[in-house]
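# Coordinate inspection notes
If you want the building blocks of each chain, they are given just below.
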Amino acid sequence: MQDFLSYNKRQYSPLGPRSAEFIRRIDAHSAHNYEPYPFVVERAKGPWLYDPDGNKALDFLSAYSAILTHQHPGVIEAVKKEMAAGCDLVSRAIYSAPFADMVEIITRLTGYDRVMPKSDGGSSTDSALSGLLMHGYERGIKNPEVIVTENYFHGRSWIFTSNALFDPEQSFRKVPRARGVVVVKDNIDAIKAAIDKNTVGIFIETHKGEAGPLFSTKAHFLAIRQLTRENGIFLGVDEIQTGLGRCGYIMAWQEYGEEARPDFVTLGKALGGGIIPVSAVVGTEEFMKIYTPGSDGSTFGGYPLACVAACAVLNYIIEENIPEKVKELGQYFVGKLRTIPGIEVENRGLLIRVEIKNVDTAKYACHEMLLGKNRNPRIFMKHGHANREKNVAYTRIAPPPGAMTKELIDFAVENTIAPVLSRASK
Ligand SMILES: Cc1ncc(COP(=O)(O)O)c(C=O)c1O
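Conventions and cut-offs
Residues numbered from 1 in each chain as written. Predicted model: local features only at pLDDT ≥ 70, side-chain atom pairs only at ≥ 80, totals over all residues. Helix = DSSP H or I, 4+ residues; strand = E, 2+ residues; numbered from the N terminus. Buried ≥ 20, exposed ≤ 12 C-beta atoms within 10 Å, placed from the backbone. Contact = placed C-beta atoms within 7 Å. Domains from an automatic or database assignment. Pairing = 2+ DSSP bridges. Near = placed C-beta within 6 Å. Axes fitted to C-alpha atoms, helices over the stretch in contact; angles between N-to-C directions. Parallel < 35°, antiparallel > 145°, perpendicular 65-115°, else oblique. Left-handed = near helix turned anticlockwise from the far one by under 90°. Nonpolar A, V, L, I, M, F, W, Y, C, P; charged D, E, K, R; others polar.

## Observations regarding the overall build of the protein chain
- From N to C terminus, the protein chain includes 13 helices and 15 strands.
- If you line up the protein chain on its principal axes, its C-alpha atoms span 75 × 55 × 45 Å.
- The buried share of the protein chain, taken over its 426 residues, is 48%.
- Long-range pairs, those at least 24 residues apart, make up 74% of the contacts in the protein chain between residues at least 6 apart in sequence.

## Examining the domain arrangement of the protein chain
- Taken domain by domain, the protein chain comprises domain 1 (7-70 + 322-421) and domain 2 (73-319).
- Between the C-alpha centres of domain 1 and domain 2 there is a distance of 27 Å.
- With 22 residues of domain 1 at the contact, the number on the domain 2 side is 23 residues.
- Elements with a contribution of two residues or more to the side of domain 1 that touches domain 2: helix H2 (62-65), helix H11 (322-337), strand E11 (343-348), strand E12 (351-357), strand E14 (383-387) and strand E15 (392-397).
- In terms of residue count, the dominant contributor to the side of domain 1 that touches domain 2 is H11 (five residues).

## Description of the pairing of strand E5 (residues 145-149)
- When you tally the buried positions in E5, you get five out of five residues, the bulk of the element.
- The side-chain alternation of E5 yields two buried faces, one formed by Glu145, Ile147 and Thr149 and the other by Val146 and Val148.
- When E5 meets strand E7 (residues 199-205), the two strands line up parallel, connected through three bridges. For Glu145, the partnering residue across the bridge sits in E7 and is Thr199.

## Considerations on the pairing of E14
- Relative to E15, E14 runs antiparallel, the two sharing three bridges. Pairing of His383 across the sheet is with Thr395, part of E15.
- Linkage of E14 to E15, two consecutive antiparallel strands, is achieved through a turn of four residues, within which Asn391 is found at a positive phi near 55 degrees.

## Details of the site of the ligand
- Taken together, 14 residues lie around the ligand, and Gly121, Gly122, Gly155, Ile240 and Gln241 are the ones closest in.
- Ranked by residue count, the leading element in the shell around the ligand is helix H5 (residues 121-138), at three residues.

## Structural notes on the packing of helix H3 (residues 73-85) against helix H10 (residues 304-319)
- Between H3 and H10, the least distance of the axes is 9 Å, while the angle of their chain directions is 155 degrees. On the basis of the axis angle, H3 is roughly antiparallel to H10. Seen along the crossing, H3 lies across H10 with a hand that is right-handed. Where H3 abuts H10, its residues Gly74, Val75, Ala78, Val79, Glu82 and Met83 lie against Pro304, Leu305, Val308, Ala309, Cys311, Ala312, Val313 and Tyr316.
- Here the contact of H3 with H10 is composed, by residue class, of twelve nonpolar, one polar and one charged.

Dropping the structure here:
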């Protein structure tokens, strides 16, 4: 008799009839540009997601959904107050009080000079790219170019998606390739070799969140920073996923010291507290001066509601000392995970990569943790990419830092993660 049916042979369905009905309606009318797990969220609080059929799951993919904790009272209160008694959509064509608060707190926390607000992450990385290319024209370069490294993810704007996401063969978007970006291998020799008279900057993630996560090293990051200095070009760093405490720092590059400081960063995701889309390009005077009236902007970039949400989030990060909390809990979490056979674990704070050996996807293990029969606690984390050379598949654990405790980590690892992941590899 078979005592264990491997996860990829099991059937995973919505957890109840109400969930199934929502899924049916969405699948019938939404564009199919995502492949969600069959779990419906009706309500969220702290680390928990609640479905309409009476089930709940721990949200361990909170870097993706941009959350420090679900429904943080301070953020909710600030947004409610602004909605009830503030101004609604005030455009950047005039000034607003919340905008003053936001740009002040962001510059103070990051040590940069200026902030250009946007809304979703992809629009800020697109603005960052435009800023770099505009600097190129200013320098008299006819065909300016920015170097990015393979396996990057900077959102879905044309310039990034058409220049390949993870695997050029996947070719997510059948559109003509946009000029202005050069994609190279992520090693210092390849980056160095790609620099020529057209290069205006290098744009990277400190750690590549969507690609694994794949973590950088201090030596590699500093070598890139040194290259940009020697060549008089800019270094821009996408901290949309890794910033705001997730990796134990306000910006993950800070792990490598002040000499690593890029010319600018992009922030997003957690900046809006999971309620309002807020993103920004934040940088030195020298880089930011390129944004002149009319060269960039957006209706919802820096509008009052976004600003109050961002201020509440940033105050919360400072008051609760989220970066330090994340460092401690990250260590604790990986310590527990490393006792599980069949997996390898690496982390920066609460951005954790789990490698499952000898499988080409972690999808079924992730399905089991969320949707398996009688699982308690249910846990939501999503399968990532496979690394064919190493013969491993990735999943990422990114719990909401503000809502995590050692007890919750014990509960999750002992009851669900360890039993499932220890049997997930072939
Ligand atoms: C590093 C990074 N940059 C940019 C983006 C795009 O952000 P958004 O989905 O808000 O457009 C993401 C989203 O996952 C990201 O992880």
